[in-house]
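The lines below spell out each chain.
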Amino acid sequence: MKKHILFLSLIMAMTLQSAMAQQPGKVTRKWFPDPDIKIESPAFTTGKYYTTYKGMKKYLQKQLAAYPQLMDITSIGKTQKGREIPMVTISDKASSQTKLRVLFTGAMHGDEHAGTEGLMWFIHQLGADASTRELLTKIDFYIIPMLNVDGSEADTRYTHNGTDPNRDHTRLSTPEITCLHKVATDVKPHLYVDYHEFKPLRTSYEEISDRIISNPNDFMFLYSSNPNVYPELTELIEQEFIPNTRKMAESWNLRNSIYYTTRGGSDGTIMNVGGHSSRSSSNIMALRGCVSMLMEIRGIGLGKTSYLRRVNTIYQLCQSYSQTAFNNSSRIIGSVEKAERQNRPVAIAYSIKTEKNQPFLFLDLLKNEIITYQVDAKPAKELKVTKKVSRPKAYVIDGRQTLAIDLIKKFGIRYEEFRQPRQLDVEAYRVKSSVTQKTELLNIHPVAVKVQPETLHATLPEGSILIPMSQPLFTLAAILLEPECVNSFVYMQVIDAQLNECLPVYRINE
Ligand SMILES: [Zn+2]
């Protein structure tokens, strides 16, 4: 933090506070005007900021009544407060060819309402607009406009029990995220897009500049740089989906970028660029073996400001992604099938080096101009794998680990259960170090371990499970079960680690 005399700091803080509270009108008019279009989704016909759960259900029922031959509404399960989470399936049953399966989700974070609104309008257009309906000759859509219904009703990021659902993808501690993974298992999407909103006016930017600055983008791409994602899936994003989306953005004058955000804490002045963390949606879906993307749309904290522009951005992103999927359907199907059979080593640890003085664009809210600042950055795309292990033939979990076994079932990972005790030659992991993390995550303090492999003749009790490698979700199983992986079952305290003891999870090697 730069030094100021007290008075100046106080004035700055006050000005900053008022600018943080809302984006000045002249900034909105110059950079984020509403487009000259009409969207007739509930928020715009009622004039309310966002659509309630009841309003959404009513609107979806109306679409179903208008297009019963194309649409279906099912519940994917219940939220913590017992509300059904609706999913709309849109499929042209008359068209018989092999279809791409596309899964879209909105409002995983409950206070990010534009996703719900944009997805509802896209559902409407799949019925009402002839050229949009063309997509159905090659694509079946599965759309969950409001995943975190409780959070959306309460206008909060979190689920009812205060959990951030987009940190729960390797732990499944919430019914909402558990339901989403059940959908992923049942539908097996080729393409997944998760629509979020980002906060353009961040207090942490005062570490970067004395001026009052905001992120200048209408939207940002956040896709997986996790090293265990099959590379062809990422190539499709970089070679097809992003370039096509950028063409769309140009025609609507929407500024965009690869996702970047300040790291916060002691790393306040370093930018994270992109993402690799398996506990968030776009990474875990890519690790499940599909083309996967999280879109961040300018929104949190803006209320109704530029709402038509923001909802149209989501709607146009739905159109662009669907059109790119339509045009590349055989390549996408081919890459997803190859990802299921991949046999690469499992990356256990990796590091990202800090790149000094990288240029980032910001919007000066008082001068109303876009400026560049040089900020140190950690680009996830440049990560280097520092440790990897070969893929085993199978993993085995001790039958007494009921929580871990229950989660394997909830992820839809295939397994074979031992009906009686079995003796097996296995590779065990002996815990050599165990460090409890300071940061709390999902109400626990994660545990990072270092392990040493050793061969063991183990007696596994009845109820133990064997997870074979020859299955589509093997990569997912590996990152959950390799104890040194960040966000693994051991890291998330699903499996307890005792220093100098062997873990109750084993590898069977070729
Ligand atoms: Zn979000």
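About the thresholds
- Residues numbered from 1 in each chain as written.
- Predicted model: local features only at pLDDT ≥ 70, side-chain atom pairs only at ≥ 80, totals over all residues.
- Heavy atoms only, no water.
- Core = buried A, V, L, I, M, F, W, Y, C linked by side-chain atoms within 4.5 Å.
- Buried < 20%, exposed > 50% of the residue type's maximum accessible area, 1.4 Å probe, protein only.
- Helix = DSSP H or I, 4+ residues; strand = E, 2+ residues; numbered from the N terminus.
- Domains from an automatic or database assignment.
- Contact = heavy atoms within 4.5 Å.
- Expected span 1.5 Å × (residues − 1).
- Donors = N, O, S within 2.8 Å, 3.2 Å for Na, K, Ca; no water.
- Tetrahedral: all angles 85-135°; square planar, octahedral: opposite > 155°, others 65-115°.
- Phe/Tyr/Trp six-rings, centres within 6.5 Å; stacked < 30°, edge-to-face > 60°.
- Lys NZ or Arg CZ within 6 Å of the ring centre and 35° of its normal.
- Pairing = 2+ DSSP bridges.

S.K.: Describe the nonpolar core, with residues and values.
M.R.: Core analysis: the biggest nonpolar cluster contains 123 residues, and Ile90, Phe104, Phe141, Tyr195, Met295, Tyr321 and Phe489 have the highest contact counts within it. The biggest single contributor to this core is helix H11 (residues 307-327), with 10 residues. Lining this core are residues from two domains, each supplying at least three of them: domain 1 (6-346) and domain 3 (390-508). Once residues within four sequence positions are removed from consideration, Phe104 is found in contact with Leu119, Phe122, Phe141, Tyr142, Ile143, Ile144, Val193, Tyr195, Cys318 and Ser322.

S.K.: Can you lay out H11 for me, pointing to particular residues and giving the numbers?
M.R.: If you check H11, its first and last C-alpha atoms are 30 Å apart, about what 21 residues at 1.5 Å a residue would give, namely 30 Å. Most of H11 sits inside the fold, with 19 of its 21 residues counted as buried.

S.K.: Just give me the short version of the coordination of the zinc ion, but keep the residues and values in it.
M.R.: Reference geometry at the metal: tetrahedral coordination by four donors gives ideal angles of 109.5 degrees; octahedral coordination by six donors gives 90 or 180 degrees. Surrounding the zinc ion are the protein donor atoms His109 (ND1), Glu112 (OE), Glu112 (OE) and His196 (ND1), which sit 2.0 to 2.5 Å from the metal. The coordination sphere of the zinc ion comprises 4 donor atoms, whose angles at the metal cover 56 to 148 degrees; the geometry is irregular. Here the donor residues for the zinc ion map to a single chain with the spacing H-x2-E-x83-H. In this pair, His109 is assigned in the loop between strand S3 (100-106) and helix H5 (114-128) and His196 in strand S5 (residues 191-198), connecting sequence segments 87 residues apart. An identical accessibility class is assigned to His109 and His196; each is buried.

S.K.: Lay out unusual backbone geometry in plain terms, naming residues and giving numbers.
M.R.: Phi angles above zero are rare outside glycine, and Asn357 is one such case at about 50 degrees. With respect to the secondary-structure elements, Asn357 resides in strand S13 (residues 355-364). Look at Asn357 and you get partly exposed, because its relative accessible area is 48%. Although it is not a glycine, Asn368 adopts a positive phi angle of roughly 60 degrees. When you line up the elements, Asn368 lands in the loop between S13 and strand S14 (369-379).

S.K.: Got a sec to walk through the packing of aromatic side chains? Specific residues and values, please.
M.R.: Scanning the entire structure with this criterion turns up 14 aromatic pairs. Residues Phe44 and Tyr307 carry aromatic rings whose centres are separated by 5.8 Å and whose planes lie at 35 degrees to one another, so their mutual orientation is tilted. Of the two residues, Phe44 sits in helix H3 (residues 42-46) while Tyr307 sits in helix H11, which places them 263 residues apart along the sequence. Phe44 gets classed as partly exposed once you look at its relative accessible area, which sits at 28%. Put simply, the rings of Phe104, Phe122, Phe141, Tyr195 and Tyr315 touch in pairs and so form one group of aromatic residues. Sitting over the face of the ring of Phe326, Lys138 holds its NZ or CZ atom 4.7 Å from the ring centroid.

S.K.: Would you mind going over the sheet that holds S13 in detail, with residue names and values included?
M.R.: Spatially, the 5 strands line up as an open sheet ordered S6-S13-S14-S10-S9, and their pairing is mixed. Looking at strand neighbours, the two that pair on one side only are strand S6 (213-214) and strand S9 (260-262), the edges of this open sheet. Across 4 bridges, strand S10 (residues 270-273) lies against S14 in parallel orientation. Bridge pairing links Val273 to Pro379 in S14.

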